[in-house]
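Secondary and tertiary structure notes
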Amino acid sequence: MFTRYTAALAALLLVGAAPFAARAADKPTDPQIAHIAYTAGVLDIEAAKQAIKKSKNKEVLDFAKDMERDHEVVNKQALDLVKKLKVKPEDNGTSQALTKAAKEERAKLAKLKGAAFDKAYVDNEVAYHKQVNGALETLLIPSASNAELKSLLETGLKIFQGHEQHAEHVAGMLK
């Protein structure tokens, strides 16, 4: 199920490299990449917190707690890295669009209860992680200039591929 949240992510990060295409380098800068990656993590933490508050399903709650914990760890590593490198993450249209879409998705999920919420949340997490992983592989990692940033993104990709598999497993249990 593609929601506005994942559709926006797909359009902006996978298909929508067009805003970056106008740049001479034809790719996002490291400060933009840092902001996009951090923003995506924050948004998934917010989604997890919503699930923790709303769900009564043990598998969904365990999954949401994993998302909250793992994204907080990766985002802390990202903040530590940008401080070390003295890089200021640069807000950009992609980050802003992701934030807007996530707010709309949380509002949509807030109206759901019980099994309907659980299914919608987990389905969104499956789609979201597919899109984030695709964006990391095809746009963010290849565009990163700094080796440490690239390494952090690669580590994040491995973690988030596990998240995708975990979300698919939980989604299978909810059907």
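Scope of this entry: the structure provided in the associated data block. Per chain, residue numbering runs from 1 following the sequence as it is written. Selection of residues for local features in this predicted model requires a pLDDT of at least 70, selection of side-chain atom pairs for listing and counting requires 80 or more, and totals for whole chains, interfaces and linings are taken over all residues. Values shown for side chains rest on all heavy atoms present in the structure; no hydrogens or waters enter the calculation.

Pairing of aromatic side chains here covers Phe, Tyr and the six-membered ring of Trp, requires ring centres within 6.5 Å, and sorts the geometry by plane angle: under 30 degrees stacked, over 60 edge-to-face, intermediate tilted. Following the criterion strictly, the structure yields two aromatic pairs and no others. Among the aromatic side chains, those forming a connected cluster through ring pairs are Phe63, Phe117 and Tyr121.

The residue Asn92 is located in the loop between helix H4 (58-85) and helix H5 (93-110) in this model. A 1.4 Å probe rolled over the protein chains alone gives each residue an accessible area, and that area as a share of the maximum for its type sets the label: buried under 20%, exposed over 50%, partly exposed in between. According to the relative accessible area criterion, Asn92 is buried, its value standing at 6%. Counted as a polar contact is a pair of N or O atoms within 3.5 Å, where, for protein atoms, one must be capable of donating a hydrogen and the other of accepting one, and residues adjacent in sequence contribute only when both atoms are in side chains. A distance of 3.0 Å separates a polar side-chain atom of Asn92 from the backbone nitrogen of Thr94. A run of H or I in DSSP becomes a helix once it reaches four residues, and a run of E becomes a strand once it reaches two; helices and strands are each numbered from the N terminus.

Attention now moves to the side chain of Ser143. Here Ser143 shows up in helix H6 (residues 114-143). Dropping the residues within four chain positions of it, Ser143 is found in contact with Lys27, Pro28, Asp30 and Ile33. Residue contacts follow a heavy-atom distance rule, with two residues in contact if any of their heavy atoms lie within 4.5 Å.

In this scheme, a helix's expected span is set at 1.5 Å multiplied by one less than its residue total. Given a rise of 1.5 Å per residue, 28 residues ought to cover 40 Å, and the 40 Å separating the end C-alpha atoms of H4 matches this to within 8%. In this structure Asn57 caps H4, since a side-chain oxygen of it lies 2.9 Å from the backbone nitrogen of Glu59. In the stretch just after H4, Lys86 is the one whose phi turns positive, near 60°.

Along an α-helix, a turn takes 3.6 residues, which lines up residues three or four apart on a common side. With 28 residues, helix H7 (residues 147-174) ought to run about 40 Å at 1.5 Å a step, and its terminal C-alpha atoms sit 40 Å apart, in line with that. Buried residues of H7: Leu149, Leu152, Leu153, Gly156, Leu157, Phe160, His163, Glu164, Ala167, Val170 and Ala171, and no others. Of the surrounding secondary structure, the elements contacted by the buried residues of H7 are helix H3 (30-54), H4 and H6. The opening residue of H7 is Asn146, an N-cap whose side-chain oxygen sits 2.7 Å from the backbone nitrogen of Glu148.

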